[in-house]
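Architecture at a glance
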Amino acid sequence: MLSPSFLPVLLALAAGIQQPVAAPDPERRQASLGDRFSFMVRVPSVTLDVVVADERGRFVTGLEADDFEILEDGEPQEIRYFTADLTPVTSLLLLDSSASVRSSLSAIQTAAYLFLRNMASGDQGRVATFSEGVRFGPPYGHEIWDQVAMIRAMRPFGKTALYDAILTSLQELSRVEERKALILVSDGEDSGPNANGSVSTREQALEGARLSEGAIYTVGYTGWSPDGGGRLNRDFLDAVAEQSGGRSFYPEEIEDLSRYFRQIQHELHRQYQIAYLPSRDRKEGGWRSIEVRIRDRDDLVARTRKGYYAAPETDTGGASR
């Protein structure tokens, strides 16, 4: 049986994103965008975390490998590894701590604590907060108290560099070889380069989501305040989640936030893990789309990541950009 382990997608980001820094000249910012990333994956096998649901959104369990059909660029693939067993998940909880969340900070902190407290046995978690830069808490671990100090230290301030935060977090999460997920809590708005927000663009953030080997779950909010809070960019939050095979949630009340976090954890542990060896020659490289179907069941929907970039092998066995 083929081992499901494989090299993660490499998100090589330019230095300077991870910490709050003074805004560089806008012309220099724009000129640097084309050199920000190196998206590569060497593919001895492709591993997918797949969620299956019926028309009412209820999880479907009890399926076997023969129930699944995997298509890469429209061509059927042979499944070489399959498990429906509960496997541990490593989660990175990315929390917006910019000035726009001031009215919601207490609710976000409480929900984040409950998410960590309700992790299943064997799961690992880590907290990161962002405004103009990203601040990571202690390394991934089973002990939630190591992360609580990070949650308590949250202070709402600064502009929102959301796109940079997503890419930096995906870079960090790419080092995890086990099953993984990014949970993003944000209103989906970015301050943009002219207002000292992200250097990266919306399209680059979505490309990062598309390449992520772990699902991204987005929890969108505008801030619970007497005036109803600010803007909510549902289009972006939906796109980020969809590209990675995750889901988006939109709490209307403070109590909804904790409930949606529980739903995310519930889904993370009801996934099928499937691996296959691509039939197409690796040397061709390029983007390869993935589709998962359930045989003879049009009433079921299978959700996973959209595909991957295969790095063609060079004569020396390396991967090219």
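Residues numbered from 1 in each chain as written. Predicted model: local features only at pLDDT ≥ 70, side-chain atom pairs only at ≥ 80, totals over all residues. Heavy atoms only, no water.

Every regular strand shows the same layout, with side chains that alternate between the two sheet faces. Of all the seven residues making up strand E7 (residues 90–96), seven are buried; the element is thus mostly covered by neighbouring parts of the structure. Alignment of E7 against strand E8 (residues 124–130), held across seven bridges, turns out to be parallel. Following the sheet pairing, Leu-95 is matched in E8 by Thr-129. Read from E7 through helix H2 (residues 105–117) to E8, the crossover connection turns out right-handed. The pairing of E7 with strand E10 (residues 180–186) spans six bridges and is classified as parallel. (Buried < 20%, exposed > 50% of the residue type's maximum accessible area, 1.4 Å probe, protein only. Helix = DSSP H or I, 4+ residues; strand = E, 2+ residues; numbered from the N terminus. Pairing = 2+ DSSP bridges. Right-handed = clockwise from strand over helix to strand, strands pointing away.)

The next thing to look at is the sheet that holds strand E15 (residues 301–303). Spatially, E6-E13-E3-E15 is the arrangement adopted by the four strands of the open sheet, whose pairing is antiparallel. The open sheet has two free edges, formed respectively by strand E6 (79–83) and E15, since each of these has just one partner strand. Put simply, the sheet's adjacent strands are angled 30° from each other on average, direction ignored. Judged from the four bridges that link them, E6 and strand E13 (residues 272–276) form a sheet pairing that is antiparallel. Paired with Thr-83 across the bridge in E13 is Gln-273. (Axes fitted to C-alpha atoms, helices over the stretch in contact; angles between N-to-C directions.)

This part is about the nonpolar core. Residues Leu-95, Ile-108, Ile-183, Phe-261 and Ile-264 are the most contacted members of the largest nonpolar core, which totals 29 residues. Breaking this core down by element, the ones donating at least two residues are E7, H2, helix H3 (145–152), E10, strand E11 (215–220) and helix H7 (254–268). For this core, the leading source of residues is H2, giving six residues. Aside from chain neighbours lying at most four places away, what touches Ile-183 is Ser-91, Leu-92, Leu-93, Leu-94, Phe-115, Tyr-217, Phe-261 and Ile-264. Core analysis: the next-biggest nonpolar cluster, separate from the first, contains 24 residues, Tyr-140, Leu-173, Ala-205 and Phe-236 among them. (Core = buried A, V, L, I, M, F, W, Y, C linked by side-chain atoms within 4.5 Å. Contact = heavy atoms within 4.5 Å.)

Looking now at unusual backbone geometry. Notably, Asp-73 is not glycine yet its phi reads approximately 50°, a positive angle. Tracing the chain through its elements places Asp-73 in the loop between strand E4 (68–72) and strand E5 (75–77).

Here H7 is 15 residues long and its end C-alpha atoms lie 22 Å apart, about the 21 Å a rise of 1.5 Å per residue gives. Those residues of H7 not exposed but buried are Asp-256, Leu-257, Ser-258, Tyr-260, Phe-261, Ile-264, Gln-265, Glu-267 and Leu-268. (Expected span 1.5 Å × (residues − 1).)

Going through the model one piece at a time under the given rule, you end up with 14 salt bridges. In this structure, the salt-bridge partner of Arg-280 is Asp-73, at a minimum N-O distance of 2.6 Å. With Arg-280 in the loop between E13 and strand E14 (286–294) and Asp-73 in the loop between E4 and E5, the pair connects residues that are 207 residues apart, well separated along the chain. Its relative accessible area of 35% is what places Asp-73 among the partly exposed residues. (Salt bridge = Lys/Arg side-chain N within 4 Å of Asp/Glu carboxyl O.)

The values reported here are purely geometric and, on their own, carry no functional implication.
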